[in-house]
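Fold and contact review
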Amino acid sequence: MGRIIKLGFVFTLMLTVSAAFCQTSLEYSIIPLPAKMKPMTGYFKLSKQTVVSASKPLAQDAQIFVDLLNEVNGLKLNVYDEPTKVNFIRLKHNPKLKADAYTLAVTRSNVEITGGDNGVFYALQSLLQLVSSDSLGNLRIPCVQINDESRFQWRGMHLDASRHFFSKEFVKKYIDYLAIYKMNTFHWHLTDDQGWRIEIKKYPKLTQVGSIRKGTLISHASTEIAVMDTANYGGFYTQDDVREIVAYAKARHITVVPEIEMPGHAVAAISSYPFLSCSGKQIDVEQTWGVFDDVYCTKDSVFEFIEDVLLEVMDLFPSTYIHVGGDECPKTAWKGCPTCQARIKEMGLKNEEELQSYFIHRIEKFLNSHHRKLIGWDEILQGGLSPNSAVMSWQGIDGGIAAAKKGNFVVMTPDSHCYLNHYQGDPTNEPLANGGYTPLEKVYSYEPIPAELLPAQQKFILGAQGNMWSEYIRTDAFFEYMLFPRMCALAEVVWSPKASKNFVNFRIRLNNHFDMFDKRNINYSRAVCEIKKNIYSDLATSKLYIELKQEYSSGDIYYWFEDENGKATPTQKYETRVLVDKSCTFHAISRNKEGVVMNKVSQKFMHTKSTGAKIKLSFPPSSKYSYNSPHTLADGISGSIPWNGKEWLGFLENPMEAVIDLGEVTEVSQVLVHTLNSEASWIYLAKKATVEVSENGVDFVKFGALNQEEIAKIGRMILIKNNPVKARYVKVYVESMGMIGKGLPGADHNAWLFISEIGVE
């Protein structure tokens, strides 16, 4: 880290105020916000004469601090055992403090830091964020008194090295980023269908064969025509690499938790050693994304292989927890496997779901016998767990709630708030991402402790974690873009007191961290500064409007429309909401005082009789994909491909039934329903669709229907036509495919139904 403030003036506000209020002063822009902070008058001046005083146990923390200060500010300080009389930064360890707790006192003459086992290191990260320069370029630290400690013990970030490989050097840089923001757990996803990334001495083919795929999907999985790169893609970490990274993380008070996927997501391992599967057939490492039927068999030789692998993994990673995945395991191969069926009979199991529980329990016992604990995604809850195991709740929060109520420790990482591989800004202006919509403010709004838990159950919530799945993250720069600034928001969620959270003030402090990103050449996202568009219906008039705002940018906004023939209207200065009353493409730009274009945004509208109309849903969509529900279905926007969570409503267990009020009796001749087909994401075409109409909203008559075969012929645009009829109300019912069939991505799971728009003509 280092100098992050380039302002030459001094904020003298709030000399004795609470931490939540003093964060508005740009000189105290610490992220995550300390528990208690009292600004004082004056500055401690940093110079070549400043000495860092640290006893031998704290020398490593001191050296990391000195190196970072030099990297960002060009000031190299000396570390000694004893301080000088003045102008020193003294570090003290107090074992009576909580491990993460610290006090930081900055006066005009010196800096005093006292901390628990990790606290001194965290205090130094806060101190680095306070370094600024005066108008002459001299470095200084504002005087302050801080008493701080973490809210949660698990403050995690994840890296998927299987889909795309990241070098040892970048992994260490990533660990530096975690350390800056007091994150203490690095979850390293090392194996999956698309690549095995860790050297295992006993099984060399895992890296000789399993680390290399013969091509890579470079278009989005939701596009109808796949685009492939046919070049070999590979990479893996040697055991020496792993030891180096683990030691590097430890020096920064970060625990590395390895993930070795099982029993699903095992194609890379099976391609290396075919005996691991039920069929024993040679297969290739997967080149596309999704879920695949080739999984580990349950024969004894497979468990012997896994145990051998885990022995080497445990030798490399000293972490208490070993992550075994356990998610998205199709049962198709097991159902047709004589060995697996014999195992079900032998163990008195009811079905393949219980066979998966047997698999996880067997591995859990093995880990426990070596004094380690198992952690896995929330699917491992099926069949129950021992009290020693922990759960990562990614499919919403229900898995975490269930685990905590049973007395299992939980790391909350719901994809709705903690998947940083989702879009973070307007998807039309963003690089390709997995899908979903998780802007900065949504990450910051997350609360890891579910309201459903009683106080006695809340203690089982270890904390939260952000996940970085790398299907579309191919480069270091893009990884940084998806990481920052959203990781800063999550860091505050898991460290700072709940009562002190305030997004507006967080955003003020974040401005100065953007300066630090620039200085360290970090490729961060500026989506938070983009022109925000809010598309909504005025239900009193059933008219559609678009509203624009720039929360963190100055300058005027100008807009114009482009009709379906490409003819543009004159440009106008934006003052207030704009009516959208025809099919068109809306464009807007912002210009600074010099006339330079700073931001731009566009949106295509398909205007029909239902656009802007009142709409009611009989069944709610999934909370994961419910943005602006139900009005998303009548906002004139046909969901884009690749898909994102801002334009689509997702239904999993419920059908979609919408009743649209057109405002008056009018002629209806056709209904168009925009659905999605993205099988890699378990999103499938509908099973059936029906439309009914009514003049009074009570007595409905059938207008038309399509079955599954007819929908398959049409594709994702479900069009139902009929002779014109008079109606005010249109009821549209669309049912999902239900259980996904064998051999398809997501087999044996319920299919998602995604709908973006209903157009009535």
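**A few points about the confidence of the model for the chain**
- Looking at the chain, pLDDT values average 93 and 97% of them are 70 or higher.
- Long-range and interchain partners of residues 1-24, a stretch whose pLDDT sits below 50, account for 78 contacts in this model, where long-range means more than four residues apart.

**Overview of the packing of aromatic side chains**
- Under the counting rule described, the total for this entry stands at 46 aromatic pairs.
- Each residue in the set Phe-165, Phe-166, Phe-170, Tyr-174, Phe-186, Trp-188, Tyr-237, Phe-317 and Phe-479 is aromatic and connected to the rest through ring pairs, giving one cluster.
- Lying over the aromatic face of Tyr-444, Lys-501 brings its terminal NZ or CZ to 5.2 Å of the ring centre.
- Above the face of the Tyr-545 ring, Arg-577 is positioned so that its terminal group lies 3.8 Å from the ring centre.

**Description of empty space enclosed by the protein**
- Within this structure, the stated rule accounts for three cavities of 30 Å³ or more.
- For the largest cavity, the calculated volume is near 180 Å³.
- Lining the largest cavity are 13 residues, and of these Ile-535, Tyr-627, Asp-635, Ile-637 and Lys-646 sit closest to its centre.
- The greatest single-element share of the lining of the largest cavity, amounting to three residues, is contributed by strand S21 (residues 532-538).
- Here the lining of the largest cavity is built from residues that sort into four nonpolar, four polar and five charged.

**A word on the sheet that holds strand S25 (residues 578-580)**
- Strand order in the open sheet made by the three strands is S21-S22-S25, with antiparallel pairing throughout. A strand with exactly one partner marks an edge of an open sheet, and here the two such strands are S21 and S25. Pairwise comparison of adjacent strand axes, ignoring direction, gives a mean angle of 30° for this sheet.
- The sheet contact formed by strand S22 (residues 543-549) and S25 spans three bridges and is antiparallel. What sits directly across from Ile-546, in S25, is Val-578.

**Points about the packing of helix H10 (residues 338-346) against helix H11 (residues 352-369)**
- Where H10 contacts H11, the two axes come as close as 10 Å, and the packing angle between them is 80°. Considering their axes alone, H10 and H11 lie roughly perpendicular with respect to each other. For the pair formed by H10 and H11, the contact residues are Cys-340, Gln-341, Arg-343 and Ile-344 on the first element and Glu-352, Leu-355, Tyr-358 and Arg-362 on the second.
- In terms of residue class, the contact of H10 with H11 is made up of four nonpolar, one polar and three charged.

**A word on the nonpolar core**
- With 160 residues, the main nonpolar core has Tyr-174, Trp-188 and Tyr-296 as its most contacted residues.
- Looking at which element gives the most residues to this core, the answer is helix H8 (residues 300-316), with nine residues.
- Setting aside residues up to four positions removed in sequence, Tyr-174 forms contacts with Met-157, His-158, Leu-159, Phe-186, Met-468, Phe-479 and Leu-483.
- In terms of nonpolar packing, the next biggest core, distinct from the first, is built from 30 residues, Ala-613, Leu-633, Leu-706 and Ile-718 among them.

Cut-offs used in this document
Residues numbered from 1 in each chain as written. Predicted model: local features only at pLDDT ≥ 70, side-chain atom pairs only at ≥ 80, totals over all residues. Heavy atoms only, no water. pLDDT = per-residue confidence, 0-100. Contact = heavy atoms within 4.5 Å. Phe/Tyr/Trp six-rings, centres within 6.5 Å; stacked < 30°, edge-to-face > 60°. Lys NZ or Arg CZ within 6 Å of the ring centre and 35° of its normal. 1 Å grid on protein atoms, 1.4 Å probe; cavity = no way out; pocket = protein on both sides within 12 Å on 5 of 7 lines; lining within 4 Å. Points joined across faces, edges and corners; volume = space filled by probe spheres on them. Helix = DSSP H or I, 4+ residues; strand = E, 2+ residues; numbered from the N terminus. Nonpolar A, V, L, I, M, F, W, Y, C, P; charged D, E, K, R; others polar. Pairing = 2+ DSSP bridges. Axes fitted to C-alpha atoms, helices over the stretch in contact; angles between N-to-C directions. Parallel < 35°, antiparallel > 145°, perpendicular 65-115°, else oblique. Core = buried A, V, L, I, M, F, W, Y, C linked by side-chain atoms within 4.5 Å. Buried < 20%, exposed > 50% of the residue type's maximum accessible area, 1.4 Å probe, protein only.

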